[in-house]
Amino acid sequence: MRKAQQGQPPDMPIRTGPPAPLSVDVRIPETVGYRLKKRLLGPPLVTSRLRGEKLSNPTALGVLASDCISSSAYGTEQMLRALVPYVGTAAFTLLLPVTYAILAVLLLLTLSYWDVVSLYTKAGGSYIVARDNFGPRVAQVASVALLIDYIVTVAVQTAAGTDAIASLLHLVWGTSISGWKPELCVGVVAVLFYGNLRGVKEAGRAFALPAYLFMGAMAIVFAVAVIRWAIDGSLPHADVHAAGAVPLGPSGNGLLYGASLFVVLRAFANGGSSLTGLEALSNSVSSFREPQGDNARKTLVAMSLVLAILVLGISLLAHITHAIPFTDGDPTVIAQEAHLILGGGVFGRAGLIFVQLATALILYTGANTPFNGFPFLVDFVAEDAFLPRMLRKRGHRLAFSNGIILLAVPAVALLLVTQASVDSLVALYAIGVFTGFTMAGAGLTKHHWTRRTRRWQVGCTINALAAFVSGAVVLIFAITKFTEGAWLVVVLFPLGVWALIGVNRRYREEVAALAEAPATAEFGVRDRSVVVVLVDSLDVAVLQAVRYGRSLGADDLHAVHFELDNRRAKRLQARWEASRAADIPLELVECPDRRLARAVLELAAREVADGASGVTLLLPTRTYPPVIGRLLHGRTTDEIASAVTRVPHAVATIVPFDVGAAMAHRRHVLGSADEPPAKCVPRLLPTLDNEPEAAGGTPASAHATIPVGSVAALKWRRRAEVVGRIRAVSPSAETAAPRLEVELYDSTGGLKLLFHGRRNVAGLEPGRRLRVRGIVGESEGHLAMSDPTYDLLPEDDDEGPNGDEG
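A quick note: this is a predicted structure, and the numbers were derived from the prediction, not measured.

A.B. asks: I would appreciate a short explanation of helix α13 (residues 345–383) in the present structure.
C.D. replies: Working note: α-helix, 3.6 residues per turn, so residues spaced by three or four point in the same direction. Compared with an ideal rise of 1.5 Å per residue, which puts 39 residues at 57 Å, α13 spans 58 Å between its outermost C-alpha atoms and is within 8% of the ideal. Directly beyond the C-terminal end of α13, a positive phi value near 70 degrees is found at A385.

Shown next as structure tokens:
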């Protein structure tokens, strides 16, 4: 507990009754769109909920490694798809040396990313590494690589997970869902999209479970295989000539069994898909418990070991059982292995179901990983001004909603275009992944070369080698898979980098334009003020602008209508003279060429031409719902406001009027036959938690039981204790005596906390939960405590935005 610095409270005014608590809220009708969003996504989350939990190493392994570990489910199959059509059954022999090469790359990348998580303990990943070592412009190569990687990951993982389900139905019940795979995949992405908009966190045992289920399932398959091999001396073989299997090519002789180097390199590139997701852990080092670097390194090694065992085990079983890929993707190689090893019968059938469900679950969980990584990546890139700043905005449930949408839409498009084919999607996959690996290795090479810390030669060697090998994989993939879809990435890559640099150039030019005033700009204050209300018709929107114009206290207030139609102008003038605005002169100005923005520009120039006047143009603007507004109404007001900025000492002020709200109010009035219309007008009425009023105008909450210890239960001039959330913090002006005023709220009301003798108190910030104790007094007619004792409380995950349960 801490005690605030003591000071003398100001003299309280004499009152005849106790002061009132601060009102919780005012009744302002919410829009239909917001009410619908709240119904679909739940109540909004407070910003203080961003303080996330720290993960233990076992939980972090399950949560952060799901994308990486799940890649083993299709890596071996992708290698066989490249080899079987050219070397037939010899592919199962050639598979092992290719797998060993993949594991060698895995070892090299693990050592490189060991360096990443050691040096970048807050935010890692190839983008941050490249930005810190090569600058933000070069780093956009890494950002484009990661953006492509994340988008394709959603599509690949979803398609592979659906293949696992399809394989289960095929092998156990003989049912085929191949024709529905794209639709099922889109449905899965929609579920992930909705869940992440609601603020699903990738933390905790629930998200760690699929990884451990998959590891357990594959451990069972490997253990049974070892036992059967020890007992029988062999394992069952798949039918390589089964209907729907990938056609066998002719087996040759020699070191590569008749395969060309091109085919082997293509198989190696396909196998590189097993290593995707390795960088996910480096993006989340800050999620680990202290010491973060040590724990991240331990988890990275454990993840790489698990991945190596899975890739090697699945490839060895494929080598022995001859599990062969099928053209339509099911049954998958891993499903055939489980089916052959576990055998028939009740236990074999149950084991197969368990293996396939665990496989589908980890693949779908891996598809959820980009929904956490992608929005944070675009937030980093947008913070550096290489992507639109709207991508930095957190949504209703604290998620980066725009980033989630930007991820989901192209992922769905890829699934539909490729018909959810993992083979087709892999062609787009590894270029982005290994480009990121290349940038991380190159960045760390420069880091060690520049700083030359202890053992810098080892760091340079490992990371330079990792960068070289990863770059070679990118080149191999671009060449061997060019005609299968890699050309699209090869084309989009430079275009994406060029576009991001163009966005940054635009932002920098805007900042420079706003920071430096043009040489011809005049910012002096003129003696005479003129306010002009632009009138196109006579309605509530115009009368509201007139009322606002009166409040400005201008030396000259008049209205102007630009005459586009002579008869309409005369009718408007007659109505004006009969209206409540008749005391303000309405000037009719000819506009023969109908260039309205130009006419307003000339009007503003005339008003300030005397050198002594400044003009404010009031533009009554009717606002409409977004879709209807764009379809049925123009945006002339924006064009006029933009044009007026060219005239020194002229300002355009838009005065909005919400037509949609007015229409809703009118429908409500017409539909309330038993209620006086006056009761339907929206009012700024203090209420508790926006509760509806009971009959007779009494808030329903007035009849409810007031919780003990709440603000509503406080007694004036009594000692009390209350828990709430800080809504506002207001220090006194520099010229006044030092004082900090804090507004504390719970679900029943609010009170002021006055801390004298200082203008800031550590820990007291908007959104923080607080327990305070002190004597209840008053300030400006409201409940207050002067210099209370207080405790800073941890965030309660069950709280809504007002401190009550949401």
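A.B. asks: Would you explain the pattern of salt bridges in this entry?
C.D. replies: Should the charged atoms of two oppositely charged side chains come close, the side chains can pair. Applying the stated criterion to the full structure yields 19 salt bridges. Note that D536 and R622 form a salt bridge whose closest N and O atoms lie 3.1 Å from each other. Taken together, the residues D536 in the loop between β3 (528–534) and α19 (540–551) and R622 in strand β6 (residues 613–623) connect sequence positions 86 residues apart. One salt bridge connects E721 with R773, and the closest N-O pair in it is separated by 2.9 Å.

A.B. asks: Can you help me understand the packing of helix α7 (residues 136–173) against helix α16 (residues 430–451) in this one?
C.D. replies: Two packed helices can be described by the angle between their axes and the distance between those axes. Contact pair α7 / α16: the axes reach a minimum separation of 8 Å and the direction vectors enclose 150 degrees. By crossing handedness, the relation of α7 to α16 is classed as left-handed. Residues V138, V141, A142, A145 and D149 of α7 pack against G432, V433, T435, G436 and M439 of α16. Residue composition of the contact of α7 with α16, grouped by class: six nonpolar, three polar and one charged.

A.B. asks: Got a minute to help me understand the packing of helix α2 (residues 57–64) against helix α11 (residues 292–321) in this structure?
C.D. replies: Running from amino to carboxyl end, α2 crosses α11 at an angle of 55 degrees, the nearest separation of the two axes being 10 Å. The angle between α2 and α11 places the two elements in the oblique class. Crossing of α2 over α11 shows right-handed handedness. On α11, the residues touching N57, A60 and L61 of α2 are N295, K298, T299, A302 and M303. Partitioned by chemical class, the residues of the contact of α2 with α11 number four nonpolar, three polar and one charged.

A.B. asks: Explain unusual backbone geometry to me, please; I cannot follow it from the model alone.
C.D. replies: In terms of backbone geometry, most residues other than glycine have negative phi values and most peptide bonds are trans. The peptide bond linking E290 to P291 adopts the cis configuration, its omega dihedral lying at -10 degrees. Within the secondary structure layout, P291 lies in the loop between α10 (261–271) and α11. Omega for the peptide link from D330 to P331 comes to 0 degrees, which places this bond in the cis form. Tracing the chain through its elements places P331 in the loop between α11 and α12 (333–342). A positive phi angle, close to 55 degrees, is found at A420, a residue other than glycine.

A.B. asks: Help me understand the side chain of Q336 in this model?
C.D. replies: Considering the arrangement of structural elements, one finds Q336 in helix α12. The class of Q336 is buried, set by a relative accessible area of 8%. Those residues within four positions of Q336 in sequence are excluded, and the remaining contacts are L171, A238, A323, I324, F326 and P331.

A.B. asks: Which parts of the structure should I look at to understand the pairing of β6?
C.D. replies: Two faces belong to every sheet, and in a regular strand the side chains alternate between them. Within β6, nine of the eleven residues are buried, which leaves it mostly tucked inside the rest of the structure. Strand direction decides the pairing type here: β6 and strand β7 (residues 650–658), joined by nine bridges, are parallel. The partner of T623 across the bridge, within β7, is D658.

What counts and how
- Residues numbered from 1 in each chain as written.
- Predicted model: local features only at pLDDT ≥ 70, side-chain atom pairs only at ≥ 80, totals over all residues.
- Heavy atoms only, no water.
- Helix = DSSP H or I, 4+ residues; strand = E, 2+ residues; numbered from the N terminus.
- Expected span 1.5 Å × (residues − 1).
- Salt bridge = Lys/Arg side-chain N within 4 Å of Asp/Glu carboxyl O.
- Axes fitted to C-alpha atoms, helices over the stretch in contact; angles between N-to-C directions.
- Left-handed = near helix turned anticlockwise from the far one by under 90°.
- Contact = heavy atoms within 4.5 Å.
- Nonpolar A, V, L, I, M, F, W, Y, C, P; charged D, E, K, R; others polar.
- Parallel < 35°, antiparallel > 145°, perpendicular 65-115°, else oblique.
- Buried < 20%, exposed > 50% of the residue type's maximum accessible area, 1.4 Å probe, protein only.
- Pairing = 2+ DSSP bridges.

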